[in-house]
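# Examination of the molecular architecture
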Amino acid sequence: MGKIKLTGRQKFLTGLIGLLIIYELEFAVHTLRTPAVTGIRSPVFYVLVSLVHLLILLKFLLPNWNPHRKWLGSLLALNFSLMLATQVVWLVDASTTTAISLLLPNMALTYLRAPDFWLLVGATFNKRTEKLAVGIGATSVAVELFSSYIIGGETPSVMLLLHLLATASRLTIYFTWPVLTRPILQKENTFMQIKFEKNQSPKQKPADQNALGFGQYFTDHMFIMDYIEGQGWHSPRIVPYGPFELDPATMCLHYGQEIFEGMKAYYGPDGKVRLFRPEENLARLNQSNDRMCIPQLDEAFAIHAIEELVKTDRDWIPTQDGTSLYIRPYVFALDPFLGVRPGNQYIFAVILSPVGAYYPEGVNPIKIFVEQEYVRAVRGGTGFAKAGGNYAATMKAQRLAQAKGCPQVMWLDGIERKYIEEVGAMNVFFVIGDEVITPALQGSILPGITRKSCIEMLRQKGYTVNERPLALTEVLAAAKNGTLKEAFGTGTAVVVSPVGSLVYGDETITINNFEIGEISQWLYDELTGIQWGKVADPYGWTKVIA
Ligand SMILES: Cc1ncc(COP(=O)(O)O)c(C=O)c1O
């Protein structure tokens, strides 16, 4: 069961919208009592305006009503344009004015018709920047304030006060719209209590945030939870970071029954700490668990545990541009037993590592070695799971590629060595002509969360993105005929990594003059902007946790 949990700001805004609805209905009644009033000053019009507010209010009071944001944007735009229209009518006092509104995705147009003039008022809700809407909202409020001044001359001061109050409410709502549209339905907190043992000897934090590198430093605490067959997951605790004591026969050391995840907490310039799509990581963790016969975790609880841990070690989150706190959840079989069978005991642990900016001097394209002998995974195997063994299998080819001056390997399919799969520990995209192509997920490729986000962003921007089998020969032919525009890898660690060249046998194919392409740059800027809270998050992907 979920329940609605409003933040303080959302409660305040709910109250304000409620007030506006009462105020507008009051207007409707007022105009009812004035029979001469027709058209835009009619009761029907005011009821319509209050209905728009009511719908906005319902959006976050009805837990299961989750309309697409573009239609919420339309409602907001309708509200803007209707209010602007009303204000114009107040100013010109054309009592026979009528208004017709047209609702479009993220946009509304209101056409005003009076005996001696007509006017088209439009409002658009810019989902990405949310700026234009605010601009129009501010204009509407300015006109409203001006008309308050006119009403002030002919109505009692209580009315004027009410009007000013409504104006201020509307202004607040327009400017805090992103707060309203954030998901507010939260799970009932029936989570197990997490025990806390404070680290009494905290470590010295790395002084130079430019030299953090990746995965070298670990924070003062870690999260641990145990599983025993018959008892389930239990004893969640945040404890001082430290070694596990393992029996030499611990199953995961012998049969590799282990899975992990990789995600990050970002410290934004606004001082807030955000997670990026954590529910995706936990869903993938459970898919990996399923493949490796590891018991499922309660995803919401695991996210809660991660949040509590990050909050505990909040002071470890690096603040310099591009740095972040890497989060590593993992599960491994603990039974002291030799013999191939799924374990009966497990540990779920989460550790944190402050990491440096991947590209301190700007995004750099890399040289990729096309691996024709070794493969990473095969369909039917464990490629789609984030299982430790998958990574062990890649090290040899990785080492050989590095000896040839290529930092990463491009993996081909395990059967025909014909189709492109991934690049290093990243998903890969190619832009050929006007098509953006990424290999389809068919069981051997990790379903990357950055991959999924990039696909959604590109489609939203109007690009044609196809998830399909992509033969290496198609890429080579495109490079020859000049239609291969750019290529890039995607992953949590790097976000977007442009492919500068492909080394294939004796051939080297240079892509986009070894420079970052237009699409790669846009994705990198946009995605990092969202993750660090520097630009609006129209997708609702980030979760502020502290
Ligand atoms: C093999 C592999 N492919 C792709 C990815 C990218 O996944 P994500 O975008 O979720 O980080 C990773 C990331 O860790 C990976 O290990």
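On a predicted model such as this, the values are computed, not experimentally measured, just so you know.

## Some points on the overall build of the protein chain
When helices and strands are tallied, the protein chain shows 14 helices and 23 strands. Partitioning the intrachain contacts of the protein chain with sequence separation of at least 6 by distance along the chain shows that 70% fall at a separation of at least 24. If you sum the accessible surface of the protein chain, you get close to 25,100 Å²; carbon and sulfur atoms cover 57% of it.

## Considerations on the site of the ligand
Taken together, 15 residues sit near the ligand, with Lys 386, Tyr 391, Glu 422, Thr 450 and Thr 492 positioned nearest. Tyr 391 is positioned with one of its side-chain polar atoms (N or O) 2.4 Å from an oxygen atom of the ligand. In the model, an oxygen atom of the ligand is placed 2.8 Å from a nitrogen or oxygen of the Ile 449 main chain. With the chains in place, 94% of the 390 Å² that the ligand exposes on its own is no longer accessible. Looking at the shell around the ligand, the elements that each hand over two or more residues are α12 (449-460) and β20 (484-491). Of the residues in the shell around the ligand, the class split is 5 nonpolar, 6 polar and 4 charged.

## Overview of the pairing of strand β8 (residues 232-240)
The two faces of the sheet receive side chains in turn, since in a regular strand these alternate between them. Bridge count between strand β6 (residues 195-196) and β8: 2 bridges; the pairing is parallel. The residue bridging Lys 195 from the neighbouring strand is Arg 237, located in β8. Where strand β7 (residues 221-228) lies against β8, 7 bridges are found, and the strand directions are antiparallel. By the bridge assignment, Met 222 is partnered in β8 with Val 239. Between the end of β7 and the start of β8, which pair antiparallel, lie 3 residues, with Gly 230 showing a positive phi angle near 95 degrees.

## Details of the packing of α12 against helix α14 (residues 518-531)
Where α12 contacts α14, the axes come no closer than 11 Å and their chain directions differ by 110 degrees. Taken together, α12 and α14 sit at an angle that is classed as roughly perpendicular. Here Thr 450, Ser 453, Cys 454, Met 457 and Leu 458 of α12 lie close against α14, whose contacting residues are Ile 519, Trp 522, Leu 523, Glu 526 and Leu 527. Across the contact of α12 with α14, the residue classes tally to 7 nonpolar, 2 polar and 1 charged.

## Section: the packing of aromatic side chains
On inspection of all chains with the given rule, the structure shows 15 aromatic pairs. Grouped by ring-pair contacts, the aromatic residues Phe 191, Phe 223, Tyr 227, Trp 233, Phe 301, Tyr 346 and Phe 348 constitute a single cluster. Of note, Arg 341 hangs over the ring of Phe 337, and the distance from its end group to the ring centre comes to 4.0 Å. One residue, Lys 461, lies across the ring of Trp 522, its end atom 4.9 Å from the ring centre.

## Here's the deal with the packing of helix α8 (residues 278-291) against helix α9 (residues 299-312)
Angle between the axes and distance between the axes are the two parameters that describe a pair of packed helices. Relative orientation of the contacting elements α8 and α9 amounts to 125 degrees, with a least axis distance of 9 Å. If you check the angle between α8 and α9, you find them oblique. Here α8 and α9 pass one another in a crossing that is right-handed. Contacts between α8 and α9 involve Pro 278, Glu 279, Leu 282, Ala 283 and Asn 286 from the first element and Glu 299, Ala 302, Ile 303 and Ile 306 from the second. Split by residue class, the contact of α8 with α9 holds 6 nonpolar, 1 polar and 2 charged.

## A few points about a nonpolar patch on the surface
On the surface, Leu 25, Val 47, Leu 48, Leu 51 and Leu 54 cluster together into a nonpolar patch covering about 370 Å² of accessible area. With 4 residues, helix α2 (residues 43-61) is the largest single contributor of residues to the nonpolar patch. Position of Val 47 among the secondary structure elements: in helix α2. Residue class for Val 47 comes out partly exposed when judged on its relative accessible area of 35%.

## A closer look at the pairing of strand β18 (residues 435-438)
Every second residue of β18 is oriented toward a common face, with Glu 435 and Ile 437 on one face and Val 436 and Thr 438 on the other, all of them buried. Bridge count for strand β17 (residues 427-432) against β18 is 3 bridges, and the pairing is antiparallel. Looking across to β18, one finds that Val 431 is bridged to Val 436. Joining the antiparallel neighbours β17 and β18 is a turn of 2 residues, in which Gly 433 adopts a positive phi near 60 degrees. Of the strand pairs in this sheet, β18 and strand β19 (residues 464-467) are connected by 4 bridges, and their pairing is parallel. Bridge pairing in β19 places Ile 437 opposite Asn 466. Handedness of the crossover joining β18 and β19 through α12 is recorded here as right-handed.

## Focus on the environment of Gly 505
By the secondary structure assignment, Gly 505 is in the loop between β21 (495-504) and β22 (507-510). Considering only alpha carbons, one finds Gly 505 and Val 370, 135 residues apart in sequence, at a separation of 7.7 Å.

## So, the confidence of the model for the protein chain
For the protein chain, mean pLDDT is 85; residues scoring 70 or higher make up 77% of the total. With pLDDT under 50 throughout, residues 183-188 is counted as low confidence; its partners more than four residues away or in other chains account for 18 contacts.

## Here's the deal with the pattern of salt bridges
Applying the stated rule across the entire model yields 17 salt bridges. The salt bridge involving Arg 468 is made with Glu 474; its shortest N-O contact spans 2.7 Å. In this structure, Glu 507 engages Lys 480 in a salt bridge whose closest nitrogen and oxygen atoms are separated by 3.7 Å. Of the two residues, Glu 507 is situated in strand β22 and Lys 480 in helix α13 (residues 472-481); the sequence distance between them amounts to 27 residues. By relative accessible area, which is 36% here, Glu 507 ends up partly exposed. Through salt bridges with shared partners, a single ionic network connects Arg 277, Glu 280, Lys 452 and Glu 456.

About the criteria used
- Residues numbered from 1 in each chain as written.
- Predicted model: local features only at pLDDT ≥ 70, side-chain atom pairs only at ≥ 80, totals over all residues.
- Heavy atoms only, no water.
- Helix = DSSP H or I, 4+ residues; strand = E, 2+ residues; numbered from the N terminus.
- Contact = heavy atoms within 4.5 Å.
- Areas by Shrake-Rupley, 256 points an atom, 1.4 Å probe, with all protein chains shown as cover.
- Near = heavy atom within 4 Å.
- Polar contact = N/O pair within 3.5 Å; in protein donor to acceptor, adjacent residues only side chain to side chain.
- Nonpolar A, V, L, I, M, F, W, Y, C, P; charged D, E, K, R; others polar.
- Pairing = 2+ DSSP bridges.
- Axes fitted to C-alpha atoms, helices over the stretch in contact; angles between N-to-C directions.
- Parallel < 35°, antiparallel > 145°, perpendicular 65-115°, else oblique.
- Phe/Tyr/Trp six-rings, centres within 6.5 Å; stacked < 30°, edge-to-face > 60°.
- Lys NZ or Arg CZ within 6 Å of the ring centre and 35° of its normal.
- Left-handed = near helix turned anticlockwise from the far one by under 90°.
- Patch = residues over 30% accessible without salt bridge, like charges linked within 9 Å, V, L, I, M, F, W, Y side chains within 5 Å.
- Salt bridge = Lys/Arg side-chain N within 4 Å of Asp/Glu carboxyl O.
- Buried < 20%, exposed > 50% of the residue type's maximum accessible area, 1.4 Å probe, protein only.
- Right-handed = clockwise from strand over helix to strand, strands pointing away.
- pLDDT = per-residue confidence, 0-100.

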